[in-house]
Amino acid sequence: MSTVRVKNVTLGSGSPKIIVPLVGKNEVELIEEAKHLVTIDCDLVEWRVDFFDQVADFQAAANMSKKIAEILTDKPVLFTFRTKQEGGEIAFSDEQYFGLYKTVIENGIIDLLDVELFMDETYVQETIKAAHEKNIKIVMCNHDFDKTPTKEEIVSRLCRMQEKNADICKIAVMPQSSDDVLTLLAATNEMKSVHADRPIVTMSMGQLGMVSRMCGETFGSAMTFGAAKKASAPGQVPVEELREVLKTLAL
C-alpha cells in the first residue's frame with residue numbers, strides 16, 4: 001500500500017492520524033477556533049464549510065480558507081462541504097457544490113479536498129484533475145447514517161473510490177448492533193489485506209461504534225476523527241483521550 005504525505009503528516013503508516021473538525025459559523029468563530037486547534041494534539045484539521053454562514057459566497061469561502069491556512073501553518077487542512085443527504089448542514093445543488101470546490105481550488109489554500117462518492121461523475125473527475133494539478137489530495141467518502149451495509153458492499157464502495165482516482169478512501173456507517181461494528185472492521189481488514197493500494201479510512205459511528213475509531217492500526221484505518229470543542233459526527237472521542245488510546249494500542 002502506498003502512503004500519502006501532506007505537509008509533515010504521512011497517512012497510511014503507523015498509528016491512525018487524528019483529524020479534528022473546524023465548525024465555526026462565521027469568521028470570528030473560525031479564527032478563534034483555528035487558534036485553539038493550533039494548541040491541540042491533532043495531526044490534521046477538517047474545515048466543515050457547510051457550517052460557514054457565507055458558504056454560498058464561494059469567494060468568501062476561498063478567502064476564509066487562506067486565513068485558516070495562515071493560522072494552521074503546520075497542520076494540513078481538509079476542506080469539506082458535507083451534503084445534506086450525507087449528514088451536512090445545508091442543501092446544495094451539484095452546480096453549487098462543484099462551483100464552490102472550483103473556486104476554492106483556484107483561489108483558496110487547502111491541502112485536501114473531500115469529494116462524495118455518489119456525485120456526478122463528470123464533475124467529480126474534473127474536480128479531481130483540477131485539485132491534483134494544485135497538489136491537493138482527494139479524500140473520497142461515503143456516509144450511511146441509517147445502517148451498516150454488508151461487508152461486500154463496504155469493500156465495493158471503497159474499491160470504487162480507488163478506481164475514481166481518490167488519494168484516500170473513506171467510509172462511515174451507522175451500527176444497529178455489535179455485529180454491525182464487526183462487519184465494518186471485517187470489511188476494513190479485507191480491504192487493507194486484499195484490495196487497498198492507498199490509505200483507507202473507516203469508522204462505525206455513534207457510541208456503539210466508538211471502538212472502531214481507536215483500533216485503526218490493527219485493522220487498517222489511516223485516520224480517525226476526534227473532537228476538540230464540538231464534534232461533527234456522533235461518537236467522536238475527545239482528542240486527548242483518543243491520543244492516549246492510540247498510543248496504548250500502537251503496534
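Residues numbered from 1 in each chain as written. Predicted model: local features only at pLDDT ≥ 70, side-chain atom pairs only at ≥ 80, totals over all residues. Heavy atoms only, no water.

## So, the overall build of the chain
Reasoning step 1: For the chain, the helix and strand inventory stands at eight helices and eleven strands.
Reasoning step 2: Radius of gyration (C-alpha) of the chain: 17 Å, near the 18 Å computed for a compact globule of 251 residues.
Reasoning step 3: Judged by the C-alpha coordinates and their principal axes, the chain covers about 45 × 40 × 30 Å.
Reasoning step 4: Across the 251 residues of the chain, 57% fall into the buried class.
Reasoning step 5: When contacts within the chain are restricted to residue pairs at least 6 apart in sequence, long-range pairs at least 24 apart make up 73% of them.
Reasoning step 6: Total accessible area computed for the chain in this model is approximately 10,400 Å², and 50% of it derives from carbon and sulfur atoms. (Helix = DSSP H or I, 4+ residues; strand = E, 2+ residues; numbered from the N terminus. Rg over C-alpha atoms; globule rule 2.2 N^0.38 Å. Buried < 20%, exposed > 50% of the residue type's maximum accessible area, 1.4 Å probe, protein only. Contact = heavy atoms within 4.5 Å. Areas by Shrake-Rupley, 256 points an atom, 1.4 Å probe, with all protein chains shown as cover.)

## Structural notes on the UniProt feature "binding site: 3-dehydroquinate" (unreviewed entry) in the chain
Reasoning step 1: Look at the UniProt record and you will see "binding site: 3-dehydroquinate" (unreviewed entry) annotated at Glu 46, Trp 47, Arg 48, Arg 82, Arg 213, Ser 232 and Gln 236.
Reasoning step 2: Looking at where Arg 213 falls in the secondary structure, it is placed in the loop between β9 (200–204) and α7 (216–219).
Reasoning step 3: With relative accessibility at 1%, the residue Arg 213 sits in the buried group.
Reasoning step 4: Note that Gln 236 resides in the loop between β10 (223–227) and β11 (237–238).
Reasoning step 5: Classification of Gln 236 by relative accessible area gives buried; the value is 9%. (UniProt positions renumbered as here; feature names shortened; annotations may be inferred.)

## A closer look at the pairing of strand β4 (residues 44–48)
Regular strands place their side chains on alternate faces of the sheet.
Reasoning step 1: The element β4 is extensively covered by neighbouring structure, given that five of its five residues are classed as buried.
Reasoning step 2: Along β4, one buried face is formed by Leu 44, Glu 46 and Arg 48 and the opposite face, lined by Val 45 and Trp 47, is buried too.
Reasoning step 3: Sheet analysis places strand β3 (residues 17–22) next to β4, joined by four bridges and oriented parallel. Note that in β4 the partner of Val 20 across the bridge is Val 45.
Reasoning step 4: With four bridges joining them, β4 and strand β5 (residues 77–80) adopt parallel strand pairing. Pairing of Glu 46 across the sheet is with Leu 78, part of β5. (Pairing = 2+ DSSP bridges.)

## Points about the UniProt feature "active site" (unreviewed entry) in the chain
Reasoning step 1: The UniProt record marks His 143 and Lys 170 with the feature "active site" (unreviewed entry), using the residue numbering of this structure. In three dimensions, the annotated residues from a span of 28 residues occupy one location, with a maximal C-alpha spread of 8.6 Å.
Reasoning step 2: Looking at His 143, the relative accessible area reads 11%, which means it is buried.
Reasoning step 3: Apart from residues lying up to four places away in sequence, His 143 is in contact with Arg 82, Glu 86, Lys 170 and Ala 172.
Reasoning step 4: In contact with Lys 170, other than residues within four places in its own chain, are Arg 82, Val 139, Met 140, Cys 141, Asn 142, His 143, Leu 158, Met 161, Val 201, Met 203 and Phe 225.

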